[in-house]
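For reference, the chains in residue letters:
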Amino acid sequence: MARNRWFILFIGILVMLAAGIVYAWSVMASPILKEFNTWTGAQISLAFTIMMTAFCVGNLISGFLQKKSVPRVFILVAGLLFLIGFFLASRIASLIGLYLSFSVLCGIASGLAYNTTMAVIGRWFPDRMGLINGIILMGFGFSAFIVGIFYQAFTPAAIGGWRSSFVFIGITIFIVFVICSFFLAQPGLDYKPPSPAKKKAKRVNPVAIEASPRVALTRPQFWLLYLWCILINAGSLALVSQAKFIGNQFETAIITAANITTAVGLISIFNSVGRVILGHLYDIAGRGVTMLTTTCLLILSGSVLFFALRTNNFALLAVGFILGGMAYGGVTPTIAAFMGSYFGMSHYAENMSVVATVLIPSSFGSAIAGSLHDASNSYQSTVYMMIVLGGLAIAVSMLIAIVDKNTLKRKAQG
């Protein structure tokens, strides 16, 4: 049983690689905009915002129905929704068609697969929550890089060539999910994770409780985490949704479209790296250090991109994308570790699905960034937005420490 959990982890990574394809939207959207050249940046960014909302709906469905079904059902349904969503998207002739097919159907599919996989893997690895969450989330983030490279290479350059690529993507994800659904299973009730050869002192949160979503929602720490996630995610999603378009400003005879796609892919690569590093950092250094590090990475990203745009320096652009990817990568393992350490594992799947709704307000970061560009005709507005949101996030993180201190004081006095 102990050995099997590593195979389950491998299956979980495959599922997350497929489910994370929705984050490749800025690359997939580029040829769509060439065909529908009357659509604005704000309109195409809204597709991403709607998709993230649908992602949260899929999370909630999976989280609250997990105890009534088996993981295989959710993975199969997700695969079918991806197949239908990409097929219908390949036939669109309007924005509404894009929103209903890609944004809604594929968004729900991604959310179903995401929450189901997180819950399953969490139960197999309760002894390594930070690191394992980082690894499984790495697969989700790395998907956009893989898709970006292959999508750019194999999508026909002709107007409308993206349509055949969408059909292929839908079929591929469906096949992967069908195969993985047979292996992604919960551990038995008698399962106990293997004890490490050398036991280390476990970092215990002194304000931790076992809480259902109804109780967690009454705690200020939950809402401060929620606000922090909105700020970091909104700044990160502003970058993710605009990255390809920002990169296009650097295109020259030397810096080709392929170079720009690779640079955009750095966001996904270091998003994945950040999930592992910052997830492990949470285990060894705690919430405060991890949140501060993540926030500073977002501010640094915005600052570097500011100078990249001012100086037309492609190397600085790449560095800015790397830092932004790391910042974005820090959010999801922080959420996973925070919810486990503050509110326990008894209601982990439900609590994770509730906090995942943070992506609904966060996703407006991409729409706001698109609108700011339409108004200013400059992507400097995007980097300003990232820096301001990062500054606010630092203040929120400090508030969590203050609330924790006051909670401990009340416990000591009570």
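Draft legend 1. Main features of the packing of helix α4 (residues 71–89) against helix α7 (residues 162–181). Running from N to C, α4 and α7 point in directions that differ by 170°, and their axes come no closer than 8 Å. Here α4 is positioned roughly antiparallel relative to α7, judged by the angle of their axes. Between α4 and α7, the residues in contact are Arg72, Ile75, Leu76, Ala78, Gly79, Leu80, Phe82, Leu83, Phe86, Phe87 and Ala89 and Trp162, Arg163, Phe166, Val167, Ile169, Gly170, Ile171, Ile173, Phe174, Phe177, Val178 and Ser181, respectively. Its residues assigned to classes, the contact of α4 with α7 comprises 18 nonpolar, three polar and two charged.

Draft legend 2. Here's a closer look at the pattern of salt bridges. One pass over the structure, following the stated rule, counts one salt bridge. Across the pair Glu35 and Arg163 runs a salt bridge, and its minimum N-O distance is 2.8 Å. Of the two residues, Glu35 is situated in helix α2 (residues 25–35) and Arg163 in helix α7; the sequence distance between them amounts to 128 residues. For Glu35, a relative accessible area of 24% puts it in the partly exposed group.

Draft legend 3. Molecular detail of the nonpolar core. Core analysis: the largest hydrophobic core is formed by 132 residues, its most contacted members being Tyr23, Trp25, Phe86, Phe102 and Phe177. Among the elements that take part in this core, helix α9 (residues 220–248) stands out by supplying 17 residues, more than any other. When residues no more than four places from it in sequence are discounted, the contact partners of Phe102 are Val22, Trp25, Met28, Met51, Gly85, Phe86, Ala89 and Gly107.

Draft legend 4. View of the packing of aromatic side chains. Counted under the stated rule, the structure contains 19 aromatic pairs. Considering the side-chain rings of Trp6 and Phe125, the 4.9 Å spacing of their centres and the 70° angle between planes classify their relative orientation as edge-to-face. You can see Trp6 sitting in helix α1 (residues 4–19) and its partner Phe125 sitting in the loop between α5 (95–124) and α6 (129–154), a full 119 residues away along the chain. Residue Phe125 is classed as buried on the basis of its relative accessible area of 0%. When the centroid spacing of 4.7 Å and the interplanar angle of 20° are considered together, the rings of Trp25 and Phe102 count as stacked. Of this pair, Trp25 sits in helix α2 while Phe102 is found in helix α5, placing the two residues 77 residues apart along the sequence. Across the pair, Phe102 and Trp25 agree in class, each one buried.

Draft legend 5. Quick peek at helix α11 (residues 287–311). In this model, α11 (25 residues) spans 36 Å end to end at C-alpha, consistent with the 36 Å of a helix rising 1.5 Å per residue. Where α11 terminates, the next one or two residues include Asn312, which has phi positive at roughly 55°.

Draft legend 6. Focus on the environment of Ser241. Of note, Ser241 is situated in helix α9. Overall, Ser241 belongs to the buried group, its relative accessible area being 5%. Separated by 20 residues in sequence, Ser241 and Gln221 have C-alpha atoms that sit 29 Å apart. Leave out the neighbours within four places in its chain, and Ser241 touches Ser26 and Ser366.

The rules we used
- Residues numbered from 1 in each chain as written.
- Predicted model: local features only at pLDDT ≥ 70, side-chain atom pairs only at ≥ 80, totals over all residues.
- Heavy atoms only, no water.
- Axes fitted to C-alpha atoms, helices over the stretch in contact; angles between N-to-C directions.
- Helix = DSSP H or I, 4+ residues; strand = E, 2+ residues; numbered from the N terminus.
- Parallel < 35°, antiparallel > 145°, perpendicular 65-115°, else oblique.
- Contact = heavy atoms within 4.5 Å.
- Nonpolar A, V, L, I, M, F, W, Y, C, P; charged D, E, K, R; others polar.
- Salt bridge = Lys/Arg side-chain N within 4 Å of Asp/Glu carboxyl O.
- Buried < 20%, exposed > 50% of the residue type's maximum accessible area, 1.4 Å probe, protein only.
- Core = buried A, V, L, I, M, F, W, Y, C linked by side-chain atoms within 4.5 Å.
- Phe/Tyr/Trp six-rings, centres within 6.5 Å; stacked < 30°, edge-to-face > 60°.
- Expected span 1.5 Å × (residues − 1).

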